[in-house]
Amino acid sequence: SLGAFRYTGIEKARMLLPRCFSPESGVEASQGPSAIEANVGAVVIPCAIEVGVFSYNVAGAGTANAVVRFVLYTVDGGTQLFNITDAVGAATGVRTIAISPTVFLPPGIYYIFNCLSSGTTSPTMSHWTTAGTFAAGGSGEPDIEGVLTITAGAAPTTLDPTALTTPAVSRTLSFRLDGTD
C-alpha cells in the first residue's frame, strides 16, 4: 500500500514527494550545482515520515567522476537531518540512496541543499519550475530558494536561510522520500 501506516501511535507516510515552497508549475531539468555553488530551496513535507530512502532524477549526465551531495536542513537551518552523497558518475535516470540510520521527519518546512561534492561536472538534475516573485526574502527574512556559495563541495554545518548568495528561481530539487515499515 502507498498509504499511511501507524507506528507507535503516530501516523506516517510510506512515501512522499516534498513540494517546493515557492509557487511552482512542474518539474524541469535544471542547471546542476557545482563544488562552489549549491542549489538550496524550501520544501513542504505535509505529513510525518520515517525516511529510509532518498531518490532524485538525473536528466543529463555529468562527468564519470561526479559525486553529488544532498543535505536536508530544518526550517531555521540550524540542524542537518541527513547529509548523503551519491557517486552518480555519468549515469542518468532515477537514483536512490539509502539513509541509515533512518530519520524521522514531522510535517513542516525544510531546506534541501544539493551540490557537486567532488568531480569535474555535475549532472543536470530535476528541479521544481518556480516563479521568482518571492524567491528572495526581505531584509532579515528567509529566502525561499537560490544559490549558496560553498567551499570544495562541502555543506555548511548550519544554513542561514536569510543569506543565500543569489536568490534565484528553479533551484529547489525535486526528490522523493520513502519510509520504513
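Scroll up for the structure.
Description of the structure in this document.

The rules behind the values
Residues numbered from 1 in each chain as written. Predicted model: local features only at pLDDT ≥ 70, side-chain atom pairs only at ≥ 80, totals over all residues. Heavy atoms only, no water. Helix = DSSP H or I, 4+ residues; strand = E, 2+ residues; numbered from the N terminus. Buried < 20%, exposed > 50% of the residue type's maximum accessible area, 1.4 Å probe, protein only. Contact = heavy atoms within 4.5 Å. Areas by Shrake-Rupley, 256 points an atom, 1.4 Å probe, with all protein chains shown as cover. Salt bridge = Lys/Arg side-chain N within 4 Å of Asp/Glu carboxyl O. Phe/Tyr/Trp six-rings, centres within 6.5 Å; stacked < 30°, edge-to-face > 60°. Patch = residues over 30% accessible without salt bridge, like charges linked within 9 Å, V, L, I, M, F, W, Y side chains within 5 Å. Polar contact = N/O pair within 3.5 Å; in protein donor to acceptor, adjacent residues only side chain to side chain.

What follows is about the overall build of the protein. Along its length, the protein carries zero helices and 15 strands. The buried share among the 181 residues of the protein stands at 47%. Residue pairs at least 24 apart in sequence account for 79% of intrachain contacts in the protein once pairs closer than 6 positions are excluded. Summed over all atoms, the accessible surface of the protein reaches about 7,800 Å², with 55% contributed by carbon and sulfur.

Under the defined criterion, the tally for this structure stands at three salt bridges. Salt-bridge contacts for Lys 12 lead to Glu 50; the nearest nitrogen and oxygen are separated by 3.8 Å. Taken together, the residues span a long stretch of sequence, with Lys 12 in strand S2 (residues 10-13) and Glu 50 in strand S7 (residues 49-60) at a distance of 38 residues. In this structure Lys 12 comes out as buried when scored by relative accessible area, which is 3%. In this structure, Arg 95 engages Asp 86 in a salt bridge whose closest nitrogen and oxygen atoms are separated by 2.9 Å. The class of Asp 86 is buried, set by a relative accessible area of 9%.

On to the packing of aromatic side chains. What the rule picks out here adds up to six aromatic pairs. Centroid distance Phe 54 to Phe 70: 4.9 Å. Interplanar angle 40°. Geometry classified as tilted. One end of the pair, Phe 54, is in strand S7; the other, Phe 70, is in strand S8 (residues 67-74), with 16 residues separating them in the sequence. Judged by its relative accessible area of 0%, Phe 54 falls in the buried class. The class for Phe 70 is buried, based on a relative accessible area of 0%.

Another point: a nonpolar patch on the surface. A contiguous nonpolar patch, built from Phe 21, Val 75 and Ile 109 and spanning about 240 Å² of accessible area, is present on the exposed surface. Structurally, the position occupied by Phe 21 is in the loop between strand S4 (19-20) and strand S5 (24-30). The class for Phe 21 is partly exposed, based on a relative accessible area of 41%.

Position of Ser 170 relative to the elements: it lies in the loop between strand S14 (166-167) and strand S15 (175-179). Of the residues examined, Ser 170 reaches a relative accessible area of 8% and is grouped as buried. The residues touching Ser 170, leaving out its near neighbours within four places in the chain, are Glu 28, Ser 30, His 127, Trp 128, Thr 129, Thr 130 and Glu 145.

This brings us to the environment of Thr 102. Structurally, Thr 102 is set in strand S10 (residues 93-105). Along the sequence, Thr 102 and Val 53 sit 49 residues apart, while their C-alpha atoms lie 8.3 Å from each other. Each residue touching Thr 102, except ones within four places of it in the same chain, is listed here: Glu 50, Val 51, Gly 52 and Thr 180. Polar side-chain contacts of Thr 102 include one of 2.7 Å to the side chain of Glu 50.

What follows covers the environment of Ala 168. Its location among the elements puts Ala 168 in the loop between S14 and S15. With 25 residues separating them in the primary sequence, Ala 168 and Asp 143 have C-alpha atoms 9.2 Å apart. Here Ala 168 is in contact with Ala 135, Glu 145 and Gly 146, once residues within four sequence places are set aside.

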